[in-house]
Amino acid sequence: MLFGPRPPPNDTLWAIAKSEGFELVIEDRNVENREKKIDTGIVTAMAKDAYTRADKSADMFTLVAGDGDYVPAVRTLVEDGFTVNVTFWDHASRELQNAASSFIPMNPHFEALAL
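## Description of helix α2 (residues 38–52)
- For α2, which comprises 15 residues, the first-to-last C-alpha distance of 21 Å matches the rise-based estimate of 21 Å (1.5 Å per residue) to within 8%.
- Of the residues making up α2, those classed as buried are I38, G41, I42, A45, M46, D49 and A50. Angular distribution of buried residues about the axis of α2 spans 160°; they occupy a single face of the element. Within α2, the exposed residues directed more than 90 degrees away from the buried face are T40, T44, K48 and T52.

## Section: helix α3 (residues 71–79)
- Among the residues of α3, V71, A73, V74 and L77 are the ones counted as buried. Seen from one end, α3 has its buried residues packed into an arc of 170°, which puts them on one side.
- Where α3 is buried, its residues contact α2, β3 (60–64), β4 (83–88) and α4 (94–99).

## Here's the deal with the layout of surface pockets
- Roughly 940 Å³ of internal volume is contained in the largest pocket.
- If you list the elements that add at least two residues to the lining of the largest pocket, you get β1 (2–5), α1 (13–19), α2 and β3.
- The dominant element in the lining of the largest pocket, judged by the number of residues it contributes, is α2, at seven residues.

## As for the pairing of strand β5 (residues 102–105)
- Two elements, β4 and β5, share four bridges in a ladder whose sense is parallel. The partner of V86 across the bridge, within β5, is F103.
- This β-α-β element, β4 to α4 to β5, shows right-handed connectivity.

## Remarks on unusual backbone geometry
- The backbone phi angle of N33 is positive, close to 65°, even though this residue is not glycine.
- Residue placement: N33 occurs in the loop between β2 (24–27) and α2.
- Positive phi, normally seen in glycine, also occurs at K37, with a value near 75°.
- Here K37 lies in the loop between β2 and α2.

## Description of the sheet that holds β4
- If you trace the three strands from one edge of the open sheet to the other, you get β3-β4-β5, paired in parallel fashion. Every interior strand has two partners, whereas the edge strands, β3 and β5, have only one. Averaged over all adjacent pairs, the angle separating strand axes in this sheet is 20°, with direction ignored.
- Pairing analysis gives five bridges linking β3 to β4, with the strands arranged parallel. Looking at the pairing, L63 lines up with V86 of β4.
- Contacts from α2 reach β3 and β4 within the one sheet, and its direction differs from that of β3 by about 175°.

Criteria and cut-off values
- Residues numbered from 1 in each chain as written.
- Predicted model: local features only at pLDDT ≥ 70, side-chain atom pairs only at ≥ 80, totals over all residues.
- Heavy atoms only, no water.
- Helix = DSSP H or I, 4+ residues; strand = E, 2+ residues; numbered from the N terminus.
- Expected span 1.5 Å × (residues − 1).
- Buried < 20%, exposed > 50% of the residue type's maximum accessible area, 1.4 Å probe, protein only.
- Arc of directions from axis to C-beta.
- Contact = heavy atoms within 4.5 Å.
- 1 Å grid on protein atoms, 1.4 Å probe; cavity = no way out; pocket = protein on both sides within 12 Å on 5 of 7 lines; lining within 4 Å.
- Points joined across faces, edges and corners; volume = space filled by probe spheres on them.
- Pairing = 2+ DSSP bridges.
- Right-handed = clockwise from strand over helix to strand, strands pointing away.
- Axes fitted to C-alpha atoms, helices over the stretch in contact; angles between N-to-C directions.

Quick look at the structure:
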């Protein structure tokens, strides 16, 4: 799943993600043009998948985020036996890195991602 605010009409990233099989969850920005509902949407989707679809022995979650607000959800899923990998830049919340099953820093891949 790919979560984010409604992209501009000429954006191609979302079209590429959709063509690659990602389920898109797009939320409108609020009246102050701020992103809302993204973090809670991600946590809700993770919890729903964990307890309705995931197989602890075969499935894993990969969260591409660095915000410490995800710590309770990640910690709970790991405590319940799920594998939760977090990937983000090195400045990701240390508490989030520690709560995850593993942390995969994106910094070494900056040049490839910037293309």
